[in-house]
Amino acid sequence: MASTFFDPDSELSHPAALDAKGYAEAYRRSIGDGEAYWNAEVDRLDWIRRPTRFDESSFDEADFQVRWFADGLLNVSANCLDRHLDELGDTPAIIWEPDDPSAASRTLTYRELHREICRFANVLKRLGVKRGDRVTLYLPMIPEAAMAMLACARIGAIHSVVFGGFSPESIAQRIVDCDSSICITADQGLRGGKVVPLQANVAAAAKLAPSLTTRLIIRTADAPLVLEPGEHEYAVLVADVDDDCPPEPMNAEDPLFILYTSGSTGKPKGVVHSSGGYLLWASLTHQTAFDYRRGEVFWCAADVGWITGHSYIVYGPLANGATTLMFEGVPTWPTPARFWEVVDRHQVTTLFTAPTVLRALMREGDHHVTSTSRISLRLLGSVGEPINPEAWRWFHEVPGGGRCPIVDMWWQTETGGGMIMPLPGAWPQKPGSATLPFMGVEPVIVDGEGRRLEGATEGNLCIVRSWPGQMRTVWNDHERFFQTYFSTFRGLYFTGDGCRRDEDGYYWITGRVDDVINVSGHRLGTAEIESALVLHPAVAEAAVVGFPHDLKGQGIHAYVILNAGSAAESEQLRQWVRKEIGPIATPDRIQFAPGLPKTRSGKIMRRILRKVAEGDFANFGDTSTLAEPGVVDALVAQRVA
Ligand code: 6R9
């Protein structure tokens, strides 16, 4: 495929920190002499004891481990707050933009944020939270979400943030898995003027999760809280604690947080990130990929419930002394101009968002964008799924006014921070390509048998060696960590993504090659949705696949087989999944199927189900192993009917 190069040099108002030569040199060092490279880079953090050990990881089964900086001691919250106070005490750390554009925004300086977090940490201590305890967070996009995360980090507790769109069942599943006894939530959340009943959802989850004994509630609405036994009002407890809370010295390898993510089985994996390596990676990638400069306003428009929010709303920017903008609302409410109005209001320099948002805004018409100034913007970013060249061009030309390079950053919950992305100003871009690997990242493309493919090629994307931000384990299931990522291709970390490398060595992510689908940038396991469907009394069997969707990237197509004599409406089943998992998992289509295409050994042939869902009935490939070939014709007949 021919592709246009965009030369971003001409677009940058001042030269970027790294040019092509600087990058090539740094990249070569990071791969050729990792120890020297990381020995210099660790100084971007403040250590209580500077590490003398660096990468001690191995992807081989015999001595498998992921470990970095193992003798280092630090505290993550001290790195994000205390060390900035002398120089940046009066600089805004967080600017909060509420859902309702007519409500007042809120700014917290580093000094104010430091004080709030110390007090928050003291509240947690008073509730009995100790080093190593797991604290569940189920919060709206309010500054208290960042405060709660950093308060945990201050006392060495491990946070597990659960996205505010998940159902009570999903919250409970995550609480039970990490045996968490406390959940921090709010009375309600607001999104696009709609109320999300957070406190009630946690109360419902508590009935399903016996370990959960304590609920800390932040009041956001005017109405006084109504508290059940086990619930505490944050404002009441915080009125009565000290401003002083010394940061707990933590080992670099101590877990900082758990974040659950979907995989190929029905049960979400608790991805565990470290204190030292993770923070270093979040800080280094934020600084370098976004060419961050002091005084700029950085806006990552993700939710803190996802890894993007962890690394680029909270940890990366605050570790770098940046001003991070936190937005409670949605891009299309009250009007599709909201994003750009927020950019103007807070003089945002960098906006990091997702292709699904761009596609939604694109079809609303350019006038919503062009009616705003956006003159403060210098850089744009895209994450979460492959960006289609059309959305890339629109982002560049309309919101970016043709002046801003686009950082298309490929990474995963598991990688902690960006892995493959263009560094602004360093090399020409191609719309739709994440371009080249970041420092210390050595990608390879392998075929189905694990053979490394050279030059321009396409296959499975793997990473050869560890990097500091890599996840350390799956909570409580180290064996699953190895099996999921390191057993498919021996000695390599398998990303689950397909990838093409072009003649210029640029990487193009083509999407998941496993049973994970990406709906509006949200990762969902097809098995999770299937498990939810078969819980319905009328459903005997279900198979879920993704299909191309104009706005969402992928939509959810569910094949459902009902129990003999049972009946169900598709809308009923859609609502059922919504209730079981959350709105993001609601199937777009339910197809009541007479049967599923299976091999004689009983394996569902998902390849065929994907083709049928896509409406591609011509290329089923080899169907000779099908137990009942007639099933495929029946499925096709239903689709064309
Ligand atoms: C950060 C995040 C990870 C999956 C990943 C890939 C897709 C993310 C992308 C991208 C193409 C990009 N993905 N960024 N694909 N280009 N710039 O999204 O983490 O929620 O774990 O999803 O998202 O398929 O494997 P996570």
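Residues numbered from 1 in each chain as written. Predicted model: local features only at pLDDT ≥ 70, side-chain atom pairs only at ≥ 80, totals over all residues. Heavy atoms only, no water.

With an unreviewed UniProt entry as reference, the chain is termed Acetyl-coenzyme A synthetase, source organism Sphingomonas kaistensis.

A. Inspection of the nonpolar core at higher detail. Residues Phe120, Leu124, Ile184, Tyr315 and Ile529 are the most contacted members of the largest nonpolar core, which totals 156 residues. With 10 residues, the top contributor of residues to this core is helix H6 (residues 143-155). Setting aside its immediate chain neighbours within four residues, Leu124 contacts Val129, Ala151, Cys152, Ile155, Ile182, Ile184 and Leu216. In this structure, Phe339, Trp340, Val369 and Ile387 belong to the second largest nonpolar core, which totals 27 residues. (Core = buried A, V, L, I, M, F, W, Y, C linked by side-chain atoms within 4.5 Å. Buried < 20%, exposed > 50% of the residue type's maximum accessible area, 1.4 Å probe, protein only. Helix = DSSP H or I, 4+ residues; strand = E, 2+ residues; numbered from the N terminus. Contact = heavy atoms within 4.5 Å.)

B. Molecular detail of the environment of Thr457. For Thr457, the location among the structural elements is in strand S21 (residues 457-463). For Thr457, a relative accessible area of 16% gives the class buried. Separated by 452 residues in the primary sequence, Thr457 and Phe5 place their C-alpha atoms 19 Å from one another. When neighbours within four sequence positions are excluded, Thr457 is seen to be in contact with Ile445, Cys499, Arg500 and Arg501.

C. Expanded view of helix H18 (residues 570-580). Taken as a whole, H18 has its buried residues at Leu573, Val577 and Glu580. Seen end-on, H18 carries its buried residues on one side only, within an arc spanning 65°. The elements touched by buried residues of H18 are helix H7 (168-177), helix H17 (526-534), strand S27 (539-549), strand S28 (553-562) and strand S29 (589-592). (Arc of directions from axis to C-beta.)

D. A look at the site of the ligand. The full set close to the ligand counts 17 residues, and Asp408, Met409, Thr413, Asp497 and Arg523 are the nearest of them. Within the backbone of Gly384, a nitrogen or oxygen atom sits 3.1 Å from a nitrogen atom of the ligand. Relative to its unbound accessible surface of 520 Å², the ligand loses 96% to contact with the protein. For the shell around the ligand, the elements supplying multiple residues, two or more each, are helix H11 (307-319) and strand S24 (507-512). Taken together, the residues that form the shell around the ligand break down as 7 nonpolar, 5 polar and 5 charged. (Near = heavy atom within 4 Å. Polar contact = N/O pair within 3.5 Å; in protein donor to acceptor, adjacent residues only side chain to side chain. Areas by Shrake-Rupley, 256 points an atom, 1.4 Å probe, with all protein chains shown as cover. Nonpolar A, V, L, I, M, F, W, Y, C, P; charged D, E, K, R; others polar.)

E. Region of the structure containing the state of the cysteines. On inspection of all chains with the given rule, the structure shows 0 disulfides. Cys245 forms no disulfide, and the closest cysteine sulfur to it belongs to Cys118, at a distance of 5.6 Å. Among the residues examined, Cys245 registers a relative accessible area of 1% and is labelled buried. The thiol of Cys499 is unpaired, and the distance to the nearest cysteine sulfur, on Cys462, comes to 10 Å. (Disulfide = S-S within 2.5 Å.)

F. The UniProt feature "binding site: Mg(2+)" (unreviewed entry) in the chain, seen in detail. The sites that UniProt annotates as "binding site: Mg(2+)" (unreviewed entry) are Val534, His536 and Val539. By the secondary structure assignment, Val534 is in helix H17. Of the residues examined, Val534 reaches a relative accessible area of 37% and is grouped as partly exposed. Excluding residues that lie within four positions of it along the chain, Val534 makes contacts with Val539, Ala540, Glu541 and Ala542. Apart from the residues lying within four places of it in its own chain, the contact partners of His536 are Ala568, Leu573 and Trp576. (UniProt positions renumbered as here; feature names shortened; annotations may be inferred.)

G. Spotlight on the sheet that holds S21. Taken together, the 5 strands give an open sheet; going across it, the order is S20-S19-S21-S23-S24, and neighbouring strands pair in antiparallel fashion. The sheet is open, and its two borders are formed by strand S20 (452-453) and S24, each paired with just one other strand. Sheet topology places S21 next to strand S23 (residues 493-501); 6 bridges connect them, and they run antiparallel. Each residue of the ladder has a partner; that of Glu458, found in S23, is Arg500. (Pairing = 2+ DSSP bridges.)

H. View of unusual backbone geometry. Here Trp333 and Pro334 are connected by a cis peptide whose omega angle stands at -5°. Within the element layout of this structure, Pro334 appears in the loop between strand S15 (323-327) and helix H12 (338-346). Positive phi is not limited to glycine here, since Thr435 has a value of about 65°. Summarising the element assignment, Thr435 is placed in the loop between strand S18 (406-408) and strand S19 (443-446). Judged by its relative accessible area of 0%, Thr435 falls in the buried class. At Asn476, a position not held by glycine, the phi torsion is positive, near 65°. Locating Asn476 in the fold gives a position in the loop between strand S22 (473-474) and helix H16 (478-486).

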